Structures are given as structure tokens and as C-alpha cells.
Amino acid sequence: MRIVLTSDQSLTSTFREIPLLDFLPCAPVENVPKFIYRILDTQLPEENGKLIKAPYAIRKIEAALLKDGFKREEVVVAHPKKIEKFIDEKTTIVGVNTMDPYGLGPVTLMFTEGGKKTSYSKYLFTSLIRRLRDFRKRRGYKFKIVVGSQGAWQLELKQDLTEELEIDHVISGEVEHVIGNIFRNIETGGEDKFIKINTWPKIEEIPTIVNPTYKGMVEVMRGCGRGCRFCSPNLRMARFNPIDKILKEVDINLSVGQRRAWLHSEDIFNYMVKDRRNFYPNEEAVIDLFEHVLNKVDFANPTHGTAAGALAAPRILKRVAELNHANLNKWIGIQVGFETASPELIKKIANNKMKPFSAEEWPWVLLNGTYAFNKFYWFPAYTTIVGLPQETDEDEIDTARLIITMEKKLHEKLGEKAHFSVTPLCFVPMGSLKKNEFFNIEENLTKGRILHIYHAWKHLAWEVDHGLKRVTREKPNFLIFAPLAKLGSRLVVRSIRKWAIKKGINVDKPLEPMNIKIEEIKVD
């Protein structure tokens with residue numbers, strides 16, 4: 001086979017279809033025993049070594065190569081466990097997609113004590129590459145090992161490890177419009193080791209997938225336009241896929257019985273947005289998108305969104321909930337950036353994130369945005385950032401205070417319907433902040449940062465006890481996962497408390513809630 005495409009096994013695991021367990025590869029090998037990982041690691045199905053459903057990024061590369069003239073019989077998307085089956089003397093490129101190859105992602109650094117321990121994502125990626133390297137040597141083959149993904153920067157940062165693994169080329173950037181030429185140049189020896197694509201494909205240059213994706217993922221837009229300084233995707237120009245193109249990809253996934261769709265964007269509330277100044281959502285376009293998709297599938301949820309977008313357009317939340325028949329035991333999940341509770345800091349690092357509201361209203365936006373989500377059975381999984389440039393310890397304490405405030409006021413207002421999670425991430429220099437230093441969790445922990453991390457995890461442990469059953473009600477695998485999740489979250493909270501005590505910080509001393517109110521939301 002001329003071109004063999006695959007990914008490491010962290011990206012081909014279904015993790016028993018349990019929400020947020022996709023983050024398990026961020027955990028350290030030293031702390032999570034391999035037998036537990038294997039219990040939770042259920043791999044995507046394959047047929048004769050070919051993935052029936054594959055990660056979305058690989059499917060886009062596959063489609064782009066076929067569109068650019070490579071023949072169907074020359075390109076295969078292989079399961080990483082069976083990849084050797086497709087490699088022979090005719091193979092020129094083995095392309096590997098990865099998310100967090102060396103364990104330097106924001107979530108991973110938090111879990112691995114700043115990289116001191118080895119994440120499963122790093123372990124699985126490096127194991128796969130060593131397998132390919134050694135297989136190539138044993139057989140005397142000449143194929144090139146080519147790695148590409150949003151995590152490609154890690155391979156350039158840690159070049160000694162990249163050399164040891166004998167990775168031939170690393171590709172970063174959006175590539176659908178140029179991947180055919182890049183691969184041909186690699187085949188003839190005419191490409192650099194690190195290949196950076198600084199141009200973006202137009203919508204018409206991005207091909208429709210030709211085979212099914214994992215989780216029924218389809219991309220509805222690319223880029224964002226809000227311009228958050230810490231986020232690479234948000235610095236790209238926003239481009240919107242038309243509904244007919246989206247529905248073609250939905251149909252591809254339906255061909256293998258996938259009755260759910262996962263609509264990928266950096267912010268679903270920005271789909272087809274016309275107001276590029278204040279980012280007021282295009283309500284009709286977003287609702288129309290979900291109506292068309294849910295005319296074909298049984299359930300559809302977005303990958304990412306913003307609290308500001310949700311609060312500005314609650315009619316979207318209400319209508320999508322109606323279309324999905326959402327209720328107390330059937331929630332619409334969405335990942336949302338919380339970042340910080342500080343109005344001043346959010347203005348410096350993400351001055352469009354709160355729009356159409358003001359930076360001064362940011363804590364109020366997060367509280368009321370969560371209220372809007374919960375009122376219509378949307379479950380926001382928030383992420384915060386620890387160690388942002390220019391932050392103060394007071395900013396970090398305010399983030400802890402806002403988490404407490406949201407917890408208290410949402411339960412008072414909504415009772416059983418009040419649900420959200422907050423996962424603290426280490427600052428990683430990306431986007432326009434890439435010249436800053438990594439946050440060192442061992443050396444740079446302050447009182448405010450410890451309080452931020454502690455209260456986020458304390459609330460997450462509460463959600464594991466009370467909220468997880470809601471989002472996994474229809475999943476029998478929850479019976480396996482629930483005891484592990486409860487034990488794991490409690491152990492994390494206890495370890496943070498012990499950590500704080502060693503530094504003389506009393507995390508159990510009550511913090512004063514913020515003086516902000518929940519405003520009633522009216523939707524026609």
C-alpha cells in the first residue's frame with residue numbers, strides 16, 4: 001500500500017462511550033495502572049485491519065488525497081494495532097495523526113505534575129512510532145514516518161526525542177489544499193523535516209469525508225474569529241460549511257448506523273455569524289443547522305461553545321433542547337472556556353470572548369450563561385487556565401470564588417438541574433502567547449492557584465457523585481466506570497488538600513461568594 005494513515009491508540013479508543021473519559025490518556029502511567037486503563041479502553045471496530053470509523057482528522061486527509069489524484073487502492077486508514085499488515089516495499093509514507101504526542105497539552109501537564117510523569121498519550125504515541133521505526137529496520141523498508149496534528153509543535157519543541165524516534169517529517173497547519181503536493185514531495189525527497197503550512201484552505205478546498213468518522217463527528221465551521229490570544233484555532237479566519245456539505249458528511253456516518261452527530265466548531269454560537277464586531281449569534285442559522293441535522297439523526301450536540309454566545313441567544317438553547325428531547329436524564333454536553341474570573345485579565349487575553357457583553361460583566365456572564373445552559377438541559381464542561389501571563393493571585397482567588405458562587409446560586413435557583421464541571425489546565429504557550437514560558441506546576445504554585453485548583457476539583461468530585469449518572473443514564477458501562485471515577489476524583493481532592501497543607505494553605509477556610517445575581521431568562 002502506497003500511503004498508510006493511522007493514529008495512536010489514544011485516538012482510536014471509544015472509552016466505553018462514557019462522556020469526558022476521552023481525557024483518560026492525559027493521566028500518568030505511574031498513577032493509573034495499565035490493567036485499569038485496559039478495562040476502560042475499548043477500541044474502534046476494524047475490518048481486516050481497516051478502521052470502519054476513524055478520527056475526523058484522518059478522514060479529512062484521506063479525502064484530500066483522493067481528491068488530489070491518489071487512487072483509492074493506494075490509500076488506507078489502518079487501525080494502529082494492525083498497521084504492519086498494510087506496509088510493504090511499495091509503501092512510501094506512513095502518516096500518523098496525534099493529539100498530544102509528548103504529553104505537553106494543558107490537561108496533561110496538570111495531571112502529570114508538569115510533565116514529570118509519563119501520560120498515556122505520550123506512552124501510546126511513542127510506542128507506536130518505535131514499533132514503526134523498528135519494523136522499518138527489520139524489513140529494510142524505505143517508507144517515511146510523517147506525523148501531523150495540532151500537537152505537532154511538541155515534536156519540534158522536543159527535537160531530541162523526535163530524532164530518537166526517527167520521525168522523518170512533521171506537518172503543522174491546515175493542509176487539505178496542499179497535502180497531495182506535500183506527500184509527493186516527501187516521496188521524492190524534496191521536503192524539509194518540519195513543514196509549516198501558513199495558508200488556509202477555502203471552504204471549497206476542504207473535501208467532504210468519504211468514509212465514516214468516530215462519534216459521527218462532522219465539522220460545521222473552521223476557525224473562530226474571536227481572537228483569544230492563548231488559543232491557536234481562535235486566531236484563524238472563520239469559515240463556515242454550508243448545510244448541504246454538512247449533511248453529506250452526516251449521511252456518510254449514517255451509512256454505518258451512527259444515529260448521533262457531533263457538530264464540531266470552536267464556537268457553535270458563531271456558526272454563520274454576521275456580526276463580527278459584537279459576535280451576536282446568528283440564531284436562525286444555528287437553529288436551522290440543528291433542525292436539518294436532527295431531521296436525519298436521533299441526537300446532535302456541539303463540541304464547543306461560549307457562555308456569552310449561549311446567554312446572548314438562549315432561544316438556540318431552547319430549540320436545540322426541544323429537537324433533542326433533552327430532559328433531566330438526557331443532557332446536551334458542550335465544552336466551554338471559562339479561563340478566569342478576572343475581568344481585567346480576560347480583557348488582556350481574550351477581549352472578544354465575552355461579547356456581545358463587556359469584560360466588566362465577565363463573572364456575571366459565566367454565572368448567567370451557565371444558568372441559561374442548565375435551564376434548557378445543556379451541561380457545560382468548563383476549562384480554566386492556571387498560570388496565565390499577567391495574572392495576579394487575586395485573579396486566581398476570584399476564580400475559586402466564582403466557582404463557589406456558581407455552585408451555590410445555581411443550586412438555589414435550579415435544584416437538580418444545576419450542573420457544570422470546571423477542569424483547571426496549565427498554561428501552555430500557544431497562539432500569540434507562544435513566546436511566554438510554560439507554567440511550572442511545581443515551582444509556581446501560589447495560594448490563589450492552589451485555591452483555584454482545589455475548588456475546581458472539589459466541584460468536579462461533587463458532579464461525579466451527583467451529575468455523572470445524569471449524563472450516562474443510557475450507558476450500561478457507567479456501572480464499571482462510576483466506582484473508579486468516584487474514587488479517583490476523591491483521591492485527587494485529598495491529594496490537593498495535602499499538597500496545600502504542606503504549603504501552609506487552608507483550603508477549607510470559607511471563601512466569600514461574589515456579589516452577582518442570576519437574572520431571569522425569557523425566551524419567546
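These lines cover the structure that appears in this document, whether it is placed above or below. (Residues numbered from 1 in each chain as written. Predicted model: local features only at pLDDT ≥ 70, side-chain atom pairs only at ≥ 80, totals over all residues. Heavy atoms only, no water.)

## Considering the packing of aromatic side chains
For any pair of aromatic rings, the description rests on two quantities: the centre-to-centre distance and the angle between the ring planes. In plain terms, the rule: Each aromatic pair joins two rings of Phe, Tyr and Trp (for Trp, the six-membered one) with centres within 6.5 Å, and gets the label stacked for planes under 30 degrees apart, edge-to-face for over 60, and tilted for any other angle. Where helices and strands are cited, they refer to DSSP runs of H or I of at least four residues and of E of at least two residues respectively, numbered from the N terminus. In this analysis the charged atom, NZ for Lys or CZ for Arg, is taken to sit over a ring once it is within 6 Å of the ring centre and within 35 degrees of the ring normal.
Inspection of every chain in the model, using the stated rule, returns 16 aromatic pairs. Relative to Trp457, the ring of Phe111 has its centre 5.9 Å away and its plane inclined at 55°; by these criteria the two rings are tilted. Residue Phe111 is found in helix 3 (residues 106-111), and its partner Trp457 is found in helix 15 (residues 447-466); the two are separated by 346 residues along the sequence. The rings of Phe15, Tyr37, Tyr120 and Tyr123 are connected pair by pair, giving a single aromatic cluster. Over the aromatic face of Phe143 sits the side chain of Arg136, whose NZ or CZ is 5.5 Å from the ring centroid.

## As for the pairing of strand 6 (residues 144-148)
This is how it is decided: Two strands are counted as paired when DSSP detects at least two bridges linking them.
Both strand 5 (residues 93-97) and strand 6 contribute to a ladder of 5 bridges, which runs parallel. Across the sheet, Val94 pairs through a bridge with Ile145, a residue of strand 6. Relative to strand 7 (residues 169-172), strand 6 runs parallel, the two sharing 3 bridges. From the neighbouring strand, Val146 faces strand 7, where its bridge partner is His169.

## Section: the state of the cysteines
Working definition: the covalent bond between the sulfur atoms of two cysteines is a disulfide. Selection rule: We call a pair of cysteine sulfur atoms a disulfide when they lie within 2.5 Å.
For the structure shown, the criterion picks out 0 disulfides. This cysteine, Cys426, is not joined by any disulfide, and Cys26 carries the nearest cysteine sulfur, 11 Å off.

## Thoughts on the environment of Asn198
For clarity, the threshold we go by: Buried means the residue's accessible area, taken with a 1.4 Å probe over protein chains only, is under 20% of the maximum for its type, while exposed means over 50%, and partly exposed covers the values in between.
Summarising the element assignment, Asn198 is placed in the loop between strand 8 (194-196) and strand 9 (217-219). Exposure remark for Asn198: the relative accessible area of 70% places this residue in the exposed category. Sequence separation between Asn198 and Asn241 is 43 residues; the distance between their C-alpha atoms is 21 Å.

## A word on the side chain of Ser121
Our working rule: In protein, a polar contact means a hydrogen-donor-capable atom and an acceptor-capable atom, both N or O and within 3.5 Å, with residues adjacent in sequence counting only if both atoms are side-chain atoms; elsewhere, any N or O pair within 3.5 Å suffices. Note on contacts: a residue pair is in contact if any heavy atoms of the two residues lie within 4.5 Å.
Checked against the element boundaries, Ser121 lands in helix 4 (residues 120-139). Relative accessible area serves as the criterion here: at 4%, Ser121 is assigned to the buried category. Here Ser119 takes part through its side chain, which lies 2.8 Å from a polar atom of the side chain of Ser121. Leaving out residues up to four positions away in the same chain, Ser121 has contacts with Pro25, Asp100, Pro101, Gly103 and Thr108.

## A word on the pattern of salt bridges
Rule in force here: Salt bridges, as used here, are contacts in which a Lys or Arg side-chain nitrogen is within 4 Å of a carboxyl oxygen on Asp or Glu.
A full pass over the atoms with the stated rule returns 39 salt bridges. The residue Glu344 makes a salt bridge to Lys347 at a minimum N-O spacing of 3.7 Å. Here Lys347 and Glu344 lie together in helix 12 (residues 343-349), a separation of 3 residues that amounts to about one turn. On the basis of relative accessibility, which here comes to 46%, the residue Glu344 falls in the partly exposed class. Among the salt bridges present, the one from Glu412 reaches Lys408, with a minimum N-O distance of 2.9 Å. Note that Glu412 and Lys408 are positioned in helix 14 (residues 393-414) at a spacing of 4 residues, about one turn of the helix. Classification of Lys408 as partly exposed rests on a relative accessible area of 42%. A cluster of three or more residues bridged by salt bridges with shared partners is formed by Glu174, Glu176, Glu219, Arg222 and Arg239.

## Considerations on helix 2 (residues 56-67)
Our working rule: The length a helix should cover is 1.5 Å for every residue beyond the first.
The terminal C-alpha atoms of helix 2, which comprises 12 residues, lie 16 Å apart, in line with the 16 Å expected from a rise of 1.5 Å per residue. Of the positions making up helix 2, those classed as buried are Tyr56, Ile58, Arg59, Lys60, Ile61, Glu62, Ala63, Ala64 and Leu65. Positive phi shows up at Gly69, right after helix 2, with a value of about 110°.

## Details of the sheet that holds strand 5
Quick note on the threshold: Lines fitted to C-alpha atoms define the axes, with helix axes restricted to the stretch in contact, and inter-axis angles between N-to-C directions lie between 0 and 180 degrees.
Across the sheet, 6 strands lie side by side as 4-1-5-6-7-8; this open sheet has parallel pairing. Two strands lie at the open edges of the sheet, namely strand 4 (75-77) and strand 8, each paired on one side alone. Sheet twist, expressed as the mean angle between neighbouring strand axes with direction ignored, is 20°. Of the pairings in the sheet, the one linking strand 1 (residues 3-7) to strand 4 comprises 3 bridges and is parallel in character. Paired with Leu5 across the two strands is Val77, which belongs to strand 4. Against the sheet, helix 4 makes contact with strand 1, strand 5 and strand 6, and its axis sits at roughly 160° relative to strand 6, the strand it touches most.

## Topic: the packing of helix 2 against helix 7 (residues 179-187)
Test applied: Throughout this description, any angle smaller than 35 degrees is read as roughly parallel, any larger than 145 degrees as roughly antiparallel, any in the 65 to 115 degree range as roughly perpendicular, and the remainder as oblique. Ten residue types, Ala, Val, Leu, Ile, Met, Phe, Trp, Tyr, Cys and Pro, are classed as nonpolar, four, Asp, Glu, Lys and Arg, as charged, and the remainder, Gly among them, as polar.
It is at 8 Å that the axes of helix 2 and helix 7 come closest, and there the two elements cross at 80°. When the axes of helix 2 and helix 7 are compared, the pair comes out roughly perpendicular. Along the contact surface, helix 2 presents Ile61, Ala64 and Leu65, while helix 7 presents Ile179, Gly180 and Phe183. Split by residue class, the contact of helix 2 with helix 7 holds 5 nonpolar, 1 polar and no charged.

## Section: unusual backbone geometry
Along the chain, Lys355 connects to Pro356 via a cis peptide bond; the corresponding omega equals 15°. Summarising the element assignment, Pro356 is placed in the loop between helix 12 and helix 13 (362-375). The phi dihedral of Glu339 falls on the positive side, at around 65°, and the residue is not glycine. If you trace the backbone, Glu339 turns up in strand 15 (residues 332-339).

## Remarks on the nonpolar core
Filter applied, for reference: Side-chain atoms within 4.5 Å link the members of a nonpolar core, which is a set of buried Ala, Val, Leu, Ile, Met, Phe, Trp, Tyr and Cys residues.
Ile167, Tyr271, Val293, Trp378 and Tyr382 are the most contacted members of the largest nonpolar core, which totals 129 residues. In this structure Val293 touches Ile246, Leu247, Val250, Ala261, Leu263 and Ala300, once residues within four positions along its chain are discounted.

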